[in-house]
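Listed below are the residues making up each chain.
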Amino acid sequence: GNSVTQMEGPVTLSEEAFLTINCTYTATGYPSLFWYVQYPGEGLQLLLKATKADDKGSNKGFEATYRKETTSFHLEKGSVQVSDSAVYFCALMLRGASKIIFGSGTRLSIRP
Amino acid sequence: GAVVSQHPSRVICKSGTSVKIECRSLDFQATTMFWYRQFPKKSLMLMATSNEGSKATYEQGVEKDKFLINHASLTLSTLTVTSAHPEDSSFYICSATPKTAPLDEQYFGPGTRLTVT
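**Student:** Quick rundown of the overall build of chain A? Include the residues and the values.
**Tutor:** From N to C terminus, chain A includes zero helices and 12 strands. Computed over its C-alpha atoms, the radius of gyration of chain A comes to 13 Å, within 12% of the 13 Å expected for a compact globule of 112 residues. Its C-alpha atoms give chain A principal-axis dimensions of roughly 40 × 25 × 20 Å. A buried classification covers 45% of the 112 residues belonging to chain A. Across chain A, contacts joining residues at least 24 apart in sequence account for 56% of those joining residues at least 6 apart. Within the structure as shown, chain A displays about 5,300 Å² of accessible surface, and the carbon and sulfur contribution to it stands at 48%. Between the mean site of the 11 positive side-chain charges and the mean site of the 10 negative ones, chain A shows a separation of 7 Å.

**Student:** How would you sum up the interface of chain B and chain A? Please name residues and give values.
**Tutor:** In this complex, chain B contributes 18 residues to the contact, which on the side of chain A involves 17 residues. Across the chain B to chain A interface the summed buried area is about 1,300 Å²; carbon plus sulfur atoms make up 60%. Looking only at chain B, the three residues that lose the most surface to chain A are Leu44, Asp104 and Phe108 of chain B, adding up to 40% of its buried area. Along the contact surface separating chain B from chain A lie two salt bridges. In this structure, Asp104 of chain B and Lys49 of chain A form a salt bridge, with 3.1 Å as the shortest nitrogen-oxygen distance. Where chain B packs against chain A, one counts four residue pairs in polar contact (both at pLDDT 80 or more). For the side of chain B that touches chain A, the per-class residue count stands at nine nonpolar, five polar and four charged.

What counts and what doesn't
Residues numbered from 1 in each chain as written. Chains lettered and ligands numbered in written order. Predicted model: local features only at pLDDT ≥ 70, side-chain atom pairs only at ≥ 80, totals over all residues. Heavy atoms only, no water. Helix = DSSP H or I, 4+ residues; strand = E, 2+ residues; numbered from the N terminus. Rg over C-alpha atoms; globule rule 2.2 N^0.38 Å. Buried < 20%, exposed > 50% of the residue type's maximum accessible area, 1.4 Å probe, protein only. Contact = heavy atoms within 4.5 Å. Areas by Shrake-Rupley, 256 points an atom, 1.4 Å probe, with all protein chains shown as cover. Lys, Arg positive; Asp, Glu negative; His and termini not counted. Charge placed at Lys NZ, Arg CZ, Asp CG, Glu CD. Buried area = accessible area lost by both parts, 1.4 Å probe. Salt bridge = Lys/Arg side-chain N within 4 Å of Asp/Glu carboxyl O. Polar contact = N/O pair within 3.5 Å; in protein donor to acceptor, adjacent residues only side chain to side chain. Nonpolar A, V, L, I, M, F, W, Y, C, P; charged D, E, K, R; others polar.

This is the structure in structure tokens:
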């Protein structure tokens, strides 16, 4: 079936550290891929997305590249800030569908 | 940006009672709203897709008679958990897609934590 697997948290880093949160997927066809972020007390917000292979989504210093050959969409940021502390969800949507399939989320905590 | 609210943010109810959760799109009209359920340390699971003016489409394994969904207007959808039991305790999240937007453009509410005692 269709699914998303992401690394379990929590992930704790110091400010200005490099961040990678791994995400792999299983899907029929060629899905669109997303990263959502949930800040404390708020709803999920779309962070970035990519709709086809080799596309790179980017926003707020975060990047993720749609890798069809490895079925991955790892989230990266070169220098994290305390304000990046949140829960990050990797997700996919099949073409022509409205259903978003989410990974289990990774809690990120950044120490000053 | 587009804002979705949920009410209440937390609710505690006794086993056997019903509880209603509201999802509102505050600054846009939404023809489609979605209801998700999130278990601790688990992903969000889609429960149902709600289209304004028509019956909701439920995902496999979700009891439609237990989780009643009404999408009476372009800005409001409600989820009623009927005859709630402790196993219904969970975090319920809604999302909404603006009328003119593609379905992958979903704006999420902050969630409602339901505790059934």
